[in-house]
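Working through the structure, step by step
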Amino acid sequence: MIATILLSFGVLFLAELGDKSQLMALTFALRYHWWVVLSGITVASVLVNLIAVGVGHFLGAALPTGVISLCAAATLIVVGLWTLRETLPSNSGADEGEIAPQPKSRSAFLVVLSAFLLAELGDRTMFATMALATKNGWVAVWIGSVAGMVAAGALAILIGVTVGRHIPERFIAGCSGLLFLYFGALTLLEAFAHGLGTPAIAVLSLALPALAGGALWLLHRRAATIPASSVTEHGIAEQVPAAPHEVQ
């Protein structure tokens, strides 16, 4: 049993290195508290690997990965757009380096959990767990797989927390939102455009974040041309007459 746990741990940990799930963990760690992200990854890992070993050991059949990938892509794109929304220029005169406060831990946990659960269902790491469960004890495979996936996520979180201390919040939010859009487009193309090949899919997935980044840049450029002090509460610029000179 110990040998199977170590085998499953090694396979899943290596499979997660550089995978989109680890990059998602790093991105979430830039936006949310590290313990919230780690908790969401842990619960998602427990659930997805339980499904994987159950399917691999008892059923030997695959899940409807197309529908799951579509849901995962939609979730990532929504999260990306919502994150970018926080970086939009405002007319309130607030500091440009400040963004809206982070969501409550409960809602952040649900976002991380749902995103990871949907992203891992039908992913290569899930198929690796299913393959291991067909030839080994499912309990040992489940324990090792969960430990390997959580360890890879914890490594990404550590990197994200370390890097995030030295980067402005608005820049982090913008990069995070664009990365989520990229992951969403990548997940969608991987599921429904197999014939394009991995390099072509990776390049085409850049189109969505590039479009969003260009739109965001234009909005900031437009906002920079109107001084915040000259904008009324209705968003209309007013000309303030100069004060008359004093009569000597």
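Computed from a predicted structure; not experimentally measured.

With respect to the overall build of the protein
Helix and strand content of the protein: ten helices and zero strands. Order of helices (α) and strands (β) in the protein, N terminus to C terminus: α-α-α-α-α-α-α-α-α-α. A total of 248 residues make up the protein; the buried ones form 38% of that total. Taking the contacts inside the protein whose residues are at least 6 apart along the sequence as the reference set, 88% of them involve residues at least 24 apart. With the model as given, the accessible surface of the protein reaches about 13,800 Å², and the carbon-plus-sulfur share is 70%.

Concerning helix α6 (residues 124–135)
In this model α6 runs 18 Å from its N-terminal to its C-terminal C-alpha over twelve residues, within 8% of the 16 Å that 1.5 Å per residue would give. Residues of α6 that are buried include every one of T125, M126, A128, T129, M130, L132 and A133, and no others.

What to know about empty space enclosed by the protein
For the structure on display, the rule yields one cavity of 30 Å³ or more. Space inside the largest cavity adds up to approximately 40 Å³. Together, E16, S21, Q22, A25, I41, F116, E120, M149 and G153 line the largest cavity. When residues of the lining of the largest cavity are traced back to their parent elements, those giving at least two are α2 (20–31), α5 (105–120) and α7 (138–164). Element by element, the count of residues in the lining of the largest cavity is highest for α2, at three residues. Each residue belonging to the lining of the largest cavity can be placed in one class, and the counts come to four nonpolar, three polar and two charged.

Comments concerning the packing of α2 against helix α8 (residues 169–192)
One way to put it is that α2 packs onto α8 with a least axis distance of 10 Å and a crossing angle of 155°. Taken together, the axes of α2 and α8 are roughly antiparallel relative to one another. Regarding α2 and α8, the two cross each other, and that crossing is left-handed. Contacts between α2 and α8 involve K20, L23, M24, T27, F28, L30 and R31 from the former and I172, A173, S176, L179, F180, F183, T187 and E190 from the latter.

What to know about the confidence of the model for the protein
Across the protein, pLDDT averages 76, with 79% of residues at or above 70. Ignoring residues within four places in sequence, the model shows residues 228–240, a span with pLDDT below 50, making eight contacts including any to other chains.

Quick notes on the environment of L158
Looking at the element boundaries, L158 is found in helix α7. For L158, a relative accessible area of 54% puts it in the exposed group. Residues L158 and L26 lie 132 residues apart in sequence; the distance between their C-alpha atoms is 7.9 Å.

Things to note about the packing of aromatic side chains
Tallied over the entire structure, the rule returns six aromatic pairs. Relative to Y32, the ring of F28 has its centre 5.8 Å away and its plane inclined at 25°; by these criteria the two rings are stacked. Like Y32, F28 is buried. With a centroid separation of 4.7 Å and 50° between ring planes, the pair formed by F28 and F180 is classed as tilted. Of this pair, F28 sits in helix α2 while F180 sits in helix α8, placing them 152 residues apart in sequence. Each member of the pair, F28 together with F180, is buried.

Here we look at the nonpolar core
Within the largest apolar cluster, 24 residues are counted, with the highest numbers of intra-cluster contacts made by M24, F28, V37, I41, V112 and F116. Elements that contribute at least two residues to this core include exactly α2, α3 (34–59), α4 (65–85), α5, α7 and α8. In terms of residue count, α5 provides more of this core than any other element does, six residues in total. Ranked by size, the runner-up nonpolar core spans twelve residues in total, among them V48, A52, V53 and L121.

Some details on a nonpolar patch on the surface
The grouping of L14, L17, L155, L158, I159 and V163 at the surface amounts to a nonpolar patch, some 520 Å² of accessible area in total. Among the elements that take part in the nonpolar patch, α7 stands out by supplying four residues, more than any other. Locating L155 in the fold gives a position in helix α7.

Analysis parameters
Sequence order sets the numbering: in each chain, residues are counted from 1 along the sequence as written. With pLDDT at 70 or above as the cut-off, local features in this predicted model cover only qualifying residues; side-chain atom pairs require 80 or more to be listed or tallied, and sums for whole chains, interfaces and linings still use all residues. Computation of side-chain values: all heavy atoms of the structure, hydrogens and water removed. Secondary structure elements follow DSSP: runs of H or I of four or more residues count as helices, runs of E of two or more count as strands, with numbering from the N terminus. Burial classification: accessible surface area is computed with a 1.4 Å probe over protein chains only, and a residue below 20% of its type maximum counts as buried, one above 50% as exposed, and the rest as partly exposed. In what follows, residue pairs with any heavy atoms lying within 4.5 Å of each other are defined as contacts. Working definition of accessibility: Shrake-Rupley area with a 1.4 Å probe, residue cover restricted to the visible protein chains. Helix span is expected to be 1.5 Å times the residue number reduced by one. We place a 1 Å grid over just the protein atoms. Points where a 1.4 Å probe fits but has no way out form a cavity, open points with protein on both sides within 12 Å along at least 5 of 7 lines form a pocket, and any residue with an atom within 4 Å of a point lines it. Grid points are joined across faces, edges and corners, and a volume is the space filled by probe spheres set on the points. Residues are sorted three ways: Asp, Glu, Lys and Arg are charged, Ala, Val, Leu, Ile, Met, Phe, Trp, Tyr, Cys and Pro are nonpolar, and all the rest, Gly among them, are polar. A fitted line through C-alpha atoms represents every axis, and for helices the fit uses only the stretch in contact; the resulting angles, taken between N-to-C directions, go from 0 to 180 degrees. Each angle gets one of four labels, with under 35 degrees taken as roughly parallel, over 145 as roughly antiparallel, 65 to 115 as roughly perpendicular, and the rest as oblique. Working rule for handedness: look at the near helix, and if it is turned counterclockwise from the far one by less than a right angle, call the crossing left-handed; if clockwise, right-handed. What pLDDT expresses is the predictor's confidence in each residue, scored from 0 to 100. Whether two aromatic rings pair depends on their centres lying within 6.5 Å, for rings of Phe, Tyr and Trp, where Trp uses its six-membered ring; planes under 30 degrees apart make the pair stacked, over 60 edge-to-face, and the rest tilted. By nonpolar core we mean a set of buried residues, namely Ala, Val, Leu, Ile, Met, Phe, Trp, Tyr and Cys, connected to one another through side-chain atoms within 4.5 Å. Patch definition: residues with relative accessible area over 30% and no salt bridge; like charges joined within 9 Å; nonpolar side chains (Val, Leu, Ile, Met, Phe, Trp, Tyr) joined within 5 Å. Think of a salt bridge as a Lys or Arg side-chain nitrogen and an Asp or Glu carboxyl oxygen that are within 4 Å of each other.

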